[in-house]
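Analysis of the macromolecular model
Read off the chains here:
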Amino acid sequence: AVRVALRPPDSEHHYGHGKAEHLAALGESAFLLLVSLFIGFESLRRLVDGGSGHGVDVTWWALVVLVVVIVVDASRAITSFRAGRRYGSAALSANALHFASDLAGSVAVLIGLLFVRAGHPSADAAAALFVAVLVVLAAVRLAKRSIDVLMDRTVADADDRIRAALARSGEDVELRRVRVRQAGGRHFVDLVVGVPMDSGLTQAHTVADRIEDLVESALGGAVDVLVHVEPTEAEGGVRERATAAAGAIPEVREVHNVRVMRLPDGYELSLHVKLPRELSLDEAHDVVERLEQRVRAEVPELRIIHTHIEPLASTDWAHAPPSDDTATERDAIESVVSRFTGTAPLSVTFRDGEQGRVALVTVGLPGEQPLPSAHQHAGAIEEAVRERCPELADVIVHTEPMGAEQT
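Summary of the structure given here. (Residues numbered from 1 in each chain as written. Predicted model: local features only at pLDDT ≥ 70, side-chain atom pairs only at ≥ 80, totals over all residues. Heavy atoms only, no water.)

Here's the deal with the sheet that holds strand 9 (residues 356–365)
The line we're drawing: For two strands to pair, DSSP has to find at least two bridges joining them. A run of DSSP states H or I qualifies as a helix once it reaches four residues; a run of E qualifies as a strand once it reaches two. Both are numbered from the N-terminal end. We call two residues in contact whenever any of their non-hydrogen atoms come within 4.5 Å of each other. The axes used here are C-alpha line fits, helices contributing only the stretch in contact, and every angle between their N-to-C directions lies in the interval 0 to 180 degrees.
Across the sheet, four strands lie side by side as 7-8-9-10; this open sheet has mixed pairing. Either end of the sheet is taken by a strand with one partner, and the two such strands are strand 7 (318–319) and strand 10 (394–401). Of the strands in this sheet, strand 8 (347–353) and strand 9 touch helix 10 (residues 327–341), which is tilted by about 30° from strand 9.

Describing the packing of helix 6 (residues 158–169) against helix 7 (residues 201–219)
Here is the rule we go by: Each angle receives one of four descriptions, namely roughly parallel if under 35 degrees, roughly antiparallel if over 145, roughly perpendicular if within 65 to 115, and oblique otherwise. A crossing counts as left-handed when the near helix is turned anticlockwise from the far one by less than a right angle, and as right-handed when that turn is clockwise.
Contact geometry of helix 6 with helix 7 gives a least axis separation of 9 Å together with a crossing angle of 130°. Comparing the axis directions of helix 6 and helix 7 gives the class oblique. For the pair helix 6 and helix 7, the sense of crossing is right-handed. On the side of helix 6, the interface is formed by A158, R161, I162, A165, L166 and S169, while helix 7 contributes I211, L214, V215, A218 and L219.

Structural notes on the sheet that holds strand 6 (residues 302–311)
Strand order in the open sheet made by the three strands is 4-5-6, with mixed pairing throughout. Two strands lie at the open edges of the sheet, namely strand 4 (254–263) and strand 6, each paired on one side alone. Taken pair by pair, the neighbouring strands of this sheet meet at an average axis angle of 15°, ignoring direction. Alignment of strand 5 (residues 266–275) against strand 6, held across nine bridges, turns out to be parallel. By the bridge assignment, E268 is partnered in strand 6 with I304. Running at roughly 145° to strand 4, helix 8 (residues 238–247) makes contact with strand 4, strand 5 and strand 6 of the sheet. Strand contacts of helix 9 (residues 281–298): strand 5 and strand 6, with the helix running at about 145° to strand 6, the strand carrying the most contacts.

Quick notes on the packing of aromatic side chains
Put simply, the rule reads: Pairing of aromatic rings covers Phe, Tyr and the six-membered ring of Trp, with a centre-to-centre limit of 6.5 Å; geometry is then stacked below 30 degrees between planes, edge-to-face above 60, and tilted otherwise. A ring is scored as having a charge over it whenever the NZ atom of a lysine or the CZ atom of an arginine sits within 6 Å of its centre and within 35 degrees of its normal.
A complete count under the given rule lists zero aromatic pairs for this structure. Over the aromatic face of F188 sits the side chain of R181, whose NZ or CZ is 4.6 Å from the ring centroid.

Some words on the side chain of E329
Relative to the assigned elements, E329 resides in helix 10. Excluding anything up to four places from it in sequence, E329 contacts F350, R357, C389, E391 and L392.

Description of the pattern of salt bridges
Where charged atoms from two side chains of opposite charge come close, those side chains can pair. We count it as follows: When a carboxyl oxygen of Asp or Glu lies within 4 Å of a side-chain nitrogen of Lys or Arg, that pair is called a salt bridge. Throughout this description, buried means an accessible area under 20% of the type-specific maximum (1.4 Å probe, protein chains only), exposed means over 50%, and partly exposed covers the range between.
Using the criterion set out here, one finds 19 salt bridges in the structure. Notably, a salt bridge pairs E42 with R46, separated by 3.3 Å at the nearest N-O pair. On the criterion of helical spacing, the pair formed by E42 and R46 is a turn pair, its members being four residues apart in helix 2 (residues 19–49). Judged by its relative accessible area of 28%, R46 is partly exposed. Here E382 makes a salt bridge to R386, at a shortest N to O gap of 4.0 Å. Taken as a pair, E382 and R386 lie in helix 11 (residues 371–388) at a separation of four residues, close to a single helical turn.

Section: a nonpolar patch on the surface
For the record, the criterion: What goes into a patch is any residue over 30% in relative accessible area without a salt bridge, connected to like charges within 9 Å or, for nonpolar side chains (Val, Leu, Ile, Met, Phe, Trp, Tyr), within 5 Å. To measure how exposed things are, a 1.4 Å probe is used in the Shrake-Rupley method; for residues, cover is taken only from the protein chains shown.
Where nonpolar side chains cluster on the molecular surface, the patch consists of W60, W61, V64, V65, V68, V69 and V72 and spans about 680 Å² of accessible area. Topologically, V72 is positioned in helix 3 (residues 60–87). Under the relative-accessibility criterion, V72 is labelled partly exposed at 41%.

Regarding the side chain of E310
Selection criterion: For the purpose of counting charges, residues Lys and Arg are taken to be positive, whereas Asp and Glu are taken to be negative. His and the chain ends are not included.
Within the secondary structure layout, E310 lies in strand 6. For the buried E310, no salt bridge exists, and the shortest N-O distance to an oppositely charged side chain is 4.2 Å, to K274. In contact with E310, not counting residues within four places along its chain, are H256, H272, V273, K274 and L275.

Description of helix 3
Cut-off, in case you're wondering: The span expected for a helix works out to 1.5 Å for each residue beyond the first.
Compared with the 40 Å implied by 1.5 Å per residue over 28 residues, the 41 Å span of helix 3 between its first and last C-alpha is a close match. Restricting attention to buried positions, one finds in helix 3 the residues A62, L63, L66, I70, D73, A77, S80 and G84.

What about the pairing of strand 5?
For clarity, the cut-off: If you view a crossover with the strands going away from you and the path from the first strand over the helix to the second runs clockwise, you call it right-handed.
Most of strand 5 is tucked away: eight of the ten residues are buried. Sheet topology note: the strand 4/strand 5 ladder contains eight bridges and is antiparallel. Bridge assignment links M261 to a residue of strand 5, and that residue is E268. From the end of strand 4 to the start of strand 5, which pair antiparallel, there are two residues. In this fold, strand 5 hands off to helix 9, which returns the chain to strand 6; that crossover is right-handed.

Some remarks on the environment of D265
As a reminder, the rule being used: Whenever two N or O atoms come within 3.5 Å, that pair is a polar contact, provided that in protein one can donate a hydrogen and the other can accept it, and provided that, for residues adjacent in sequence, both atoms are side-chain atoms.
The residue D265 is located in the loop between strand 4 and strand 5 in this model. Within the local environment of D265, its side chain forms a polar contact with the side chain of R303, the two groups lying 3.3 Å apart.

A few points about the environment of V195
Its location among the elements puts V195 in strand 2 (residues 186–195). Sequence separation between V195 and L129 is 66 residues, and the spatial gap between their C-alpha atoms is 60 Å.

Here's what the structure looks like:
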């Protein structure tokens, strides 16, 4: 059973073969239960009969053999029990129970024979009855555990541990459903979580990855986690709902520059939409028509929607130009940055691409400065550099807090 359970998933058993252990454990517990009931019945019959016709001959070498058997059974039971706990194996746990029942039987036989030798002939049957009751109880417990796994009963406290781990993590998610089952010492977890409706595909995937790590840490051991991500149903702002609705159109690759304007007679929305380059204008317009219909359905308070269509950018092959070829642009950029920030730029690099030369500038700004102000400074620097160096195809300004490590 252990050999079968260790087989990896295949085309017919997508979740692996771990339940083979629990089938074996159920069979072994059933066998122990039947044998113990028979022994208990026979013990009761002999006790009722007073042991007549069932004489027991106790010899010294029989006692020695029993001591040796007890040592062997004890070592087997302890080894199987430790291995079962270490690997979470139901089959090894069942094996430990089987050996423990052998050990208990051997000890009971030894005690019973000693009492028989001391002149109590019914002691052997009484000891056997005691051991049979213990093994019956243990077999029932083992059978129950195996049946729970085979019936996919949830793991005790696993739900609480998962919820507590997500609560401690501070993830901005809504936990909607948790399902946990176990087989072959491995947890299988299915989660459904809600994320903000304007989260992009990459953001949602990153959140799912973090949740998988949290669940594995919370449950420990081997865990197979599946996270299904859904948008939250709670109503967000106009911008969030509009962004989520626009991103739901299959052809839309990117939505940016989403701006909501509130006028006396209602809301207006403007947004930039990037579509595949191979689309014609007619095809792109059809996509935008569907996008606007979807947005109006999701955000009925919008009065007008302004959509700017852009082709998705392709990869631009580029190279770094020689430093002596960029001296003029570098001096102009350093002068502009010093005028706006009072300090020299943290770095200035150039790339010559198919569309022309691009300047990449990193500037330092006070860390406590509000983000809109920092963005405004970066935009002003870009415009000033373009005025000084109109030959540049593009200027990209990256802002970092003063004193931060350059990235």
